[in-house]
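The chain contents come next:
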Amino acid sequence: MASWLGGLGSGLGQSLGQVGGSLSSLTGQISSFTKDILLEGAEEVGDAATELHVSNSRLREIESINATQKLENERLKKVCSDLEEKHEAAELQIKQLSIEYRNQLQQKEVEISHLKARQNALQEQLRKVQAAAQSAQLGAGVLPPTSTSASYVPVVRHSSGFEGDDMDFGDIIWSQQEINRLSNEVSRLESEVDHWKQIALSSKVQGTNDAEQSEICKLQNIVKELKQNLSQEIDEHQHELSVLQDAHRQKLIEISRRHREELSEYEERIEELENRLQQDGVSADAVDDSKISEQKNNAQSLGGKVEELQVVNDLEDEIRKLNHKLSSAKEENKNLLKEQELAKLEKIQIMQEYESLKSDFSMLQSSVAEQGAFLKEQEEKLQSKTSLPDDVVRLQQALLEAGNEIARLSSLNQGLEKEMTSAQHKNETILSAYTEDQNSELSQLRQDLERKEHELNESIAERETLIAELEELDKQNQEATQHMITLKEQLSKQNTETDSIIKQLKCDIDFERKKVSVLESEMMETVKELNSQTEKLSQCSYALNDLHISKQQLQDNIKDLQEQLRKAWDCNLHNKKEIGELQQKLKEREEELSVSLSKLTEKSNRESNYTCQDQVLKEREVEIAKLQNDISENKQLNEDLEKSLSNLRTENGKLIAATEKLKQELSDAISEKSKVYLEKDTVLEALKMEKRQLESELNQMEKRLLEQAHKYKQTIEELSNARSMDTTALQLEHERLVKLNQEKDFKIAELKRSIEQMEIDHQETKEMLTTSLGGQKQLTELVKEKELFIEKFKNQALQVKQKLEEYIEVSKKQAVLKQNLEEKDRSLAVMKEENNHLKEEIERLKDQQSRSTPMVEPKTLDIIIELESEVTQLKVIKNNLEEEIEVHKKTIEDQNQTTAQLQQSLQEQRKEIDESKFQCEQMNVTHERLSLEKDEEIKNLQKTIEQIKTQLHKERQIIQTDSSDLFQETKVQTLNGENGNEKHDLSKAEIERLVKGIKEREMEIKLLNEKNVSLSQQIDQLSKDEVGKLTRIIQEKDLEIQALNARVSSAAYRQDVLSLQQQLQAYVMEREQVLAVLSEKTRENSQLKTEYRNIMDMVAAKEAALVRLQEENQKLCNRSENSSQDMSRETIQNLSRIIREKDIEIDALSQKCQTLLTVLQTSSTGTDNGSGGVNSNQFEELLQERDKLKQQVKKMEEWKQQVITTVQNMQHESVHLQEELHKLQAQISVESDSNSKLQVDYNGLIQSYEQNEKKLKSFSQELAQVQHSIGQLHNTKDLLLSKLDLVTPSVAAASTISQFSGIQCSAPEVLSDESKLLQKELEQLKKKLQEKDTTIRTLQENNQRLSDSVATASEVERKSQEGTESEMRQIKEKHDVLQKSLREKDILIKSKSDQLLSVSENLSNKENENELLKQAVTNLKERNLILEMDIRKLKEENEKIVATCREKETEFRALQETNMQFSMMLKEKEFESHSMKEKAFAFEKLLKEKEQGKTGELNQLLNEVKSMQEKAVTFQQERDQVMVALKQKQMESSALQSEVQHLREKEQRLNQELERLRNHLLEMEDSYTREALAAEDREVKLRKKVLILEEKLVSSSTAVENASHQASLQVESLQEQLNLVSKQRDETVLQLTISQDQVKQYALSLANLQMVLEQFQQEEKAMYSAELEKHQKQTAEWRKKAESLEEKVVSLQESLGEANAALDAASRLTEQLDIKEEQIEELKKEGEIRREMLEDVQNKLMNLMNSTEGKVDKLLMRNLFVGHFHTPKNKRPEVLRLMGSILGIKKEELDQLLSEDQRGVTRWVTGWLGGGAGSKSVPSTPLRPTHQNIFNSSFSELFVKFLETESCPSLPPPKLSVHDMKPLGAAGTGNTSSTPFNSQIQDSAVLGMSRRPDTNPFLAPRSAAVPLITPAGSSGHLLMKPISDALPTFTPLPVSPDASAGAVLKDLLKQ
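So, how was this worked out
Residues numbered from 1 in each chain as written. Predicted model: local features only at pLDDT ≥ 70, side-chain atom pairs only at ≥ 80, totals over all residues. Heavy atoms only, no water. Helix = DSSP H or I, 4+ residues; strand = E, 2+ residues; numbered from the N terminus. Buried < 20%, exposed > 50% of the residue type's maximum accessible area, 1.4 Å probe, protein only. Contact = heavy atoms within 4.5 Å. Core = buried A, V, L, I, M, F, W, Y, C linked by side-chain atoms within 4.5 Å. Phe/Tyr/Trp six-rings, centres within 6.5 Å; stacked < 30°, edge-to-face > 60°. Axes fitted to C-alpha atoms, helices over the stretch in contact; angles between N-to-C directions. Parallel < 35°, antiparallel > 145°, perpendicular 65-115°, else oblique. Nonpolar A, V, L, I, M, F, W, Y, C, P; charged D, E, K, R; others polar. Patch = residues over 30% accessible without salt bridge, like charges linked within 9 Å, V, L, I, M, F, W, Y side chains within 5 Å. Areas by Shrake-Rupley, 256 points an atom, 1.4 Å probe, with all protein chains shown as cover. Salt bridge = Lys/Arg side-chain N within 4 Å of Asp/Glu carboxyl O. pLDDT = per-residue confidence, 0-100. Left-handed = near helix turned anticlockwise from the far one by under 90°. Polar contact = N/O pair within 3.5 Å; in protein donor to acceptor, adjacent residues only side chain to side chain. Lys, Arg positive; Asp, Glu negative; His and termini not counted. Charge placed at Lys NZ, Arg CZ, Asp CG, Glu CD.

## Overview of the overall build of the chain
Stage number 1. Scanning the chain from N- to C-terminus turns up 30 helices and 0 strands.
Stage number 2. Looking at the chain residue by residue over its 1951 residues, the buried ones come to 30%.
Stage number 3. A separation threshold of at least 6 residues defines the contact pool for the chain, and within that pool the share at least 24 residues apart is 90%.

Listed below in structure tokens is the structure:
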């Protein structure tokens, strides 16, 4: 992409450069051309011919140049086109290469993944091989079949474990192997112990020294390294110390320098004060001098008057007197100053000494601190290494010296202070002596001295401040020392850390040594294990022999125990009666207890609910109370602010209102939340109540069952104890026991039903709980979000509190400042009053002065001076106060700014609150949506469950065979479809596949749940149907025989139908998948379109900038065009102007010529010859001028032609350039379009990526749900298994309960109330027992009726055989119809396949479009980035300009302020000049008054004038200041207004942006909701379609089944069908292998997809790759778990099927009763469960035996009798002999009876024997009993037919399953299944029923086929081989598996 953009840019640049160059060359040519034309006037050629030549040559040159330029242009164009083609080709090549490289990379990565997988597989194989080798070594000598692995032993057991004694051979071997393995482990552990002991001994004896030395060396090295590290750290710390010392010194130097500067300042101040002291004496003089000088000036100005001179002389006399006084005062002052200087020098010296001592002291302190630090380090070193006493002693000495120095310095300091005090005393004494000498003259100076004393006190205070500073320095020093201490502590910590690291290293070394020793021990162990395995092989053989012997002994013991059991029956009867009574009582008691418990649990649950609610309410109330407290606090704070800040009251009111609104909203939200939570809590608590009740009931049931089991165990033990009973009593009461057993069976069945109902209820509650848990999770998430919001609001409230506190503090400061201001104002007022008083005093003094003599003037003058100084001081104070006022104003302004900031922050908070509200609303909406979606999903699931239930009821027969195969095929096809799709769009397809896989798994789980439910229902029905089965079996015999014949006849046809059905279903599934993919693709396209529209709006903003740029480009292009056109226009205009000028010149010249001719004519006529010469000269000159003009005209014409040609060329070129410009504009527009498209695609991709992330999250949630459902499946499986286990212990539990109840009844005092209830329950149970007895009687009657109906059924059967021929014809017609329908279905399938192809093509097109869109998106990304960069640059420039503008504004304001100040200064100067003028005027007036002799008034007036001037000056200054302040305020207000406007504009912008974003969000949400609704509608429609198709399929399959049911009734095709079944078995094996291969392919494709996904996510975000891998692993694990669960379910189904088969077969097995009893006695060791099941079977069989023994079948005898008369007379003795053999008459007696008719008999016998020898097999087709062939057929044939017909009703059909086939592993072993039937009962009772054997071909077979007679050979007969349930069930003859029909007849005839 970047290369493409770069190429485009370079091409554009080249083309633009060429255009620019051509333009510049054109302009240059034109300019040069114009210059040449203009300069052509200078070049002149003589003749016209030469001019022509020149012009022609020039033309040729121009033409040649033009031609060359054209050629060059063409060449350049060609070069350009070639380069463009090359560029395109190169780009294509680069693209191809990049694609190839990417493909290669992907292939390599795939190969790497394959290799990794292979490596893992090889490693696993290696492990397996090693394990196999070990197991081979273990079991090689014992058994070849069990040598592979222990896991395959059960398979061998099932396949070969049916030969009586060898039943548990596999179990024995497996147990022996486990024993061997455990013994191996024990020996290995013993060898390990020995090995470790040896190592320990050897290490103690030999290697102790070496190991210790090595360890010591290592430790020493470590210690050295640590020492080095320590030394380095010490050096570093010393370096740091030195740096700190330097810093400290520098600080000290700076402080001392500052101190010196301050001292110098103080000295200067003292000097100033001394000067003032000097001046204080002379101050009056100085003031008078200044006045005198002014008066002198005035006198000089007014010189010439005598009176004035007299006044001056008087004044001079006064001045002289004053000077004398001043000189004397000065001498006194000088003496005092000298003394003061001496004192100051001493003081300075003392201070210097003090500073030097202090610096020494600080230095010593630092050195002490350093030494202390060093000491501590040394001490640490001493602790770590060894003691260093010398250093310690030295340091202690140094410390002592430092202490001595400190003491000496302190003593010096005290001495200095004493000297200071003494000096002060001396000074005071000197001053006092001096003042005593000069009391009269220094009365005024005393005040000055007091002031000086004040100054001295101030200097002392300053000294104290210096001392305080020194103390601060000391503190700093202490802090530095503390820092050093902390550094030391850190060092110590580091040291400890290093120690810990050393310890860790030592531990690691020890651990590695241990590892090495462990490896050595493992090596030794392997060697020992090899030896031990060889020994154990020999031990195994011995152990086997021992086991055989022990088995025989156990069998003997079992026989003994059986005999003892028979004896124990008598005792059992009495006990059982008592047990029954007690049981009834117990049940009544238990029911009462359960009722009371349920009530209690309900009460407790209610109380707990109330308490939970109370707690929640309390928490909410606490939160509300807290919020209310916060509100009240805020209110108080706001009131305080209102008191403190009157300006901010309104704003605070607004803020309070806003906060109150917020809090109300918060409280409302919290109340709503609390309501929601309460509702949810109530729902949850109701569910919990139900759950607890169910759990309590379950626990009670389990306890009862356990108690019953215990009681039964006790009864069995009692029976075993009571073996010594008589056998006669046992035989008598055996029948009673049988009856009781039956009653117990019925009770067990009832208990089973109740348990199953409980379990179903439990499952329902579990599902409810899962749904409620999901809701609860959502609620918890909501609660967490709300809590986060609450925390945010709390944080905001805290921030607001903090700000309010800050403002309160500021307001307090303001109050303090206001108080200060008021105090200052008061002081000002006081000062003003004092000032007024002083003025009044001054006026009084002036009056006194005027009255008193001139001698008193100096005092008054002094007073005036003092007052003036006070006035100046007051002015200073006033200025200070004004400055303070300004400061306060500034603070007020700052506070206003802060309030404005607060308002802004409040507005922001309001915005945030609005946003949070909006988010809350969105969250609520989303949660409502989720809840609605969940409800819809639940409804859909319920509907699907109901539909599946109905389908299960309808299609139970069909699904038994086909569902699993179809399921596998659909899986395979989905995999194939996914493999096809993965080429196109890897990322999306991967995600879609994951979704589909998860959905399929969910469907599988649902199916499994439904299967579990059906199985549980079947288990319920088992107990119900045990009694009704006998009736059903007898009624269903005829139907089953017909179905058998029908199915057998149409085997091949039915197989075709099945295969076609499977194909149809596969095509339907494929079509559905493709439709789903199409719908998803269309949805994605619609999403992309909507995103495209949204992004078009989004991009509009960014496109605006592009449009501007394009407009600017167009403007520039237009300018360039205009400039070129303007240039051409200007040149044309210039040329036209020049031409016009030339034309004008030509006209003027022609006129001149005409005038000259006229003049010549006139002159020739009217002039003389003299003048003619002159005229001739003039004429010649004119002619020359004419020639020149002609030449110029020719040149101009040539030039005009050239200009016209150039203009034409220019026009042509401009046309070309315009075309090029248009092309460029078109290209730019195309690029902008592509850019916009790319932007749209990019945004779409981003949104799809976000959707993918959301999908991933939903997948993770679905995975969690799948996990939950799998857990439920585990629970259901356990429950089913526990049901099978709990069926038997329930009987035992009854007796134990009865005993327990007996024990309980022994305490009647305690349980008097309960005993009454128990009696009631006893009565109820007695009633139930009576009802059960009646039911048993009715069942017995039903049995008798059924036996009668069997007899009638045999007669009906004969009649039905006659009607079969007519049915056959109908079947043929139906067959034809079905063939037609099959053809139609083929056509349908073809059309469906065509549709599939078209759909797949559409898919590929869609995916290509998606890829194009992706590329466009990437291009857009880059374009977008460029645009964003440009926008950023523009923004930065804009910001710079704004900043410069602000700087300019500030400068302007500063200039304005300076201007104002200058204007004020000017005004002040003008005012001063005005005042000076007024003063002059006043002086003139004064002089005039002096002339009159009013000197006192003059002084008064002068003073008044002065005061007035000062007042005026002050007023003016105040006015100026006020003006300046006003202008500043105006400036500030204008600035603030501008800022406010700026802020308002900003707010408007932000609001507009907010509104735009909100609208955009709403639009996006609307579009998404519409899409979601549309998708849901589509899903609903597709589901409806699927349902319709499924219904159609069901109807078609039912039709096909009906057709197949009504097929022919031929017995010939039985063997063919068996062959077909075997073929189907082979096909299923092949399908298994194919499916396994496909699974592997799928795994490989998954790996490839993972690689691609990793690449994609590495480009986007590396984080998601890890998450996806985790999810994929989890899905794989869940798939494995689901498969294992399926296998377990299938195994359970198989076991159920086997149980059903066993129950059905129990009625047929009367002949094998003795064998069964023996086997039952053998299997009693395996557990009480099987014993009780077998006892039930025994009782039933005993009843049947008692009923059937000694009876002869009437039908059989009647048929034989009739047959005897139907047969020819020569064959009748055969019939008689047969009858005799059946009746048990001996041969000799028969011979005697038949001796009368000897001839016929011998003939008949020979004929019979010949027939028997000749025909060893029965005819394949049995003859139908028509009237023609009855008499022709032989008696043997008739007898065989009769046996075939009559053997059927006596036996129920054995439901043969695919598990009766030989497994793959057992093909080699030729073991036959020859177990007696009882073993099968035992197996089947445990394993359960299986109506669907083909569901899972992965499982090993549980049991072999069940032959009724022991086999004759090794290989089983085809009749007895398994038939899948797709075929009809049938009842085979009880023949051996290896015998044919002939052999069967032989056996019969032999009897």
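## A look at the nonpolar core
Stage number 1. Ranked by size, the top nonpolar core spans 9 residues in total: Ile1005, Leu1008, Leu1263, Val1266, Ile1270, Leu1273, Trp1678, Leu1685 and Val1689.
Stage number 2. It is helix H15 (residues 1169-1286) that provides the largest number of residues to this core, a total of 4 residues.
Stage number 3. Leave out the neighbours within four places in its chain, and Leu1685 touches Ile1270, Leu1273 and His1274.
Stage number 4. The next biggest cluster of nonpolar side chains, apart from the first, holds 8 residues, and it includes Leu994, Ile998, Leu1256 and Phe1259.

## Things to note about the packing of aromatic side chains
Stage number 1. In total, this model carries 1 aromatic pair according to the counting rule given.
Stage number 2. Seen in terms of ring centroids, Phe1761 and Phe1765 are 4.8 Å apart; in terms of plane orientation they differ by 75°. Their pairing is edge-to-face. In this pair, Phe1761 and Phe1765 are both assigned in helix H24 (residues 1754-1766), 4 residues apart and thus about one turn of the helix distant.

## Re the packing of helix H18 (residues 1364-1492) against helix H19 (residues 1495-1605)
Stage number 1. Following both chains from N to C, one finds H18 and H19 inclined at 175°, their axes separated by 9 Å at the closest point. As the angle between them shows, H18 and H19 are arranged roughly antiparallel.
Stage number 2. Of the residues that constitute the contact of H18 with H19, the class distribution is 19 nonpolar, 9 polar and 11 charged.

## Things to note about a nonpolar patch on the surface
Stage number 1. A contiguous nonpolar surface patch, about 270 Å² in accessible area, is contributed by Leu593, Leu597 and Leu600.
Stage number 2. Within the fold, Leu593 resides in helix H8 (residues 443-644).
Stage number 3. Relative accessible area serves as the criterion here: at 42%, Leu593 is assigned to the partly exposed category.

## Re the confidence of the model for the chain
In regions of low pLDDT, the predicted coordinates are not meant to be interpreted in detail.
Stage number 1. Chain-level pLDDT for the chain is 78 on average; 78% of the residues reach the 70-or-more range.
Stage number 2. Within the chain, the lowest mean pLDDT, 40, falls on helix H3 (residues 153-160), and the highest, 90, falls on H19.
Stage number 3. Predicted confidence is poor over residues 140-167, with pLDDT under 50, and the contacts of this stretch with residues over four places away or in other chains come to 56 contacts.
Stage number 4. Between residues 959-976, whose pLDDT stays under 50, and residues either more than four places distant or in other chains, the model counts 45 contacts.

## Structural notes on the packing of helix H20 (residues 1613-1660) against helix H21 (residues 1662-1706)
Stage number 1. Interhelical geometry of H20 versus H21 gives an angle of 160° and a closest axis separation of 7 Å. Compared by their axis directions, H20 and H21 come out roughly antiparallel. Relative to H21, the crossing made by H20 is right-handed. On H21, the residues touching Tyr1642, Leu1646, Gln1650, Leu1653, Glu1654, Gln1657 and Glu1660 of H20 are Ala1662, Tyr1664, Ser1665, Leu1668, Glu1669, Gln1672 and Arg1679.
Stage number 2. Taken together, the residues of the contact of H20 with H21 sort by class into 6 nonpolar, 4 polar and 4 charged.

## Focus: the side chain of Thr765
Stage number 1. Its place among the elements puts Thr765 in helix H10 (residues 727-851).
Stage number 2. Judged by its relative accessible area of 13%, Thr765 is buried.
Stage number 3. In this structure the side chain of Thr765 is engaged in a polar contact, spanning 2.4 Å, whose partner is the backbone oxygen of His762.

## Observations concerning the pattern of salt bridges
Stage number 1. Evaluated as defined, the whole model comprises 26 salt bridges.
Stage number 2. Residue Arg320 pairs with Asp317 through a salt bridge whose shortest N-O separation is 3.4 Å. Of the two residues, Arg320 and Asp317 are both situated in helix H6 (residues 306-384); the distance of 3 residues between them amounts to about one turn of the helix.
Stage number 3. Since its relative accessible area comes to 35%, Asp317 is described here as partly exposed.
Stage number 4. Notably, a salt bridge pairs Arg1777 with Asp1791, separated by 3.2 Å at the nearest N-O pair.

## A short note on a negative patch on the surface
Stage number 1. Negative charge collects at one region of the surface, where Glu265, Glu268, Glu271, Glu272 and Glu341 lie side by side.
Stage number 2. For the negative patch, the element with the most residues is helix H5 (residues 208-301), which contributes 4 residues.

## Topic: the environment of Lys1006
Stage number 1. By secondary structure assignment, the location of Lys1006 is in helix H13 (residues 986-1049).
Stage number 2. Counting along the chain gives 267 residues from Lys1006 to Leu1273, while the straight-line C-alpha distance between them is 9.8 Å.

## Looking at the side chain of Glu1253
Stage number 1. As for its position among the elements, Glu1253 is in helix H15.
Stage number 2. When neighbours within four sequence positions are excluded, Glu1253 is seen to be in contact with Lys1661 and Tyr1664.

## Details of a positive patch on the surface
Stage number 1. The grouping of Lys939, Lys943, Arg1578, Lys1581, Lys1584 and Lys1585 at the surface amounts to a positive patch.
Stage number 2. Ranked by residues supplied to the positive patch, first place goes to H19 with 4 residues.
Stage number 3. Here Lys1584 lies in helix H19.

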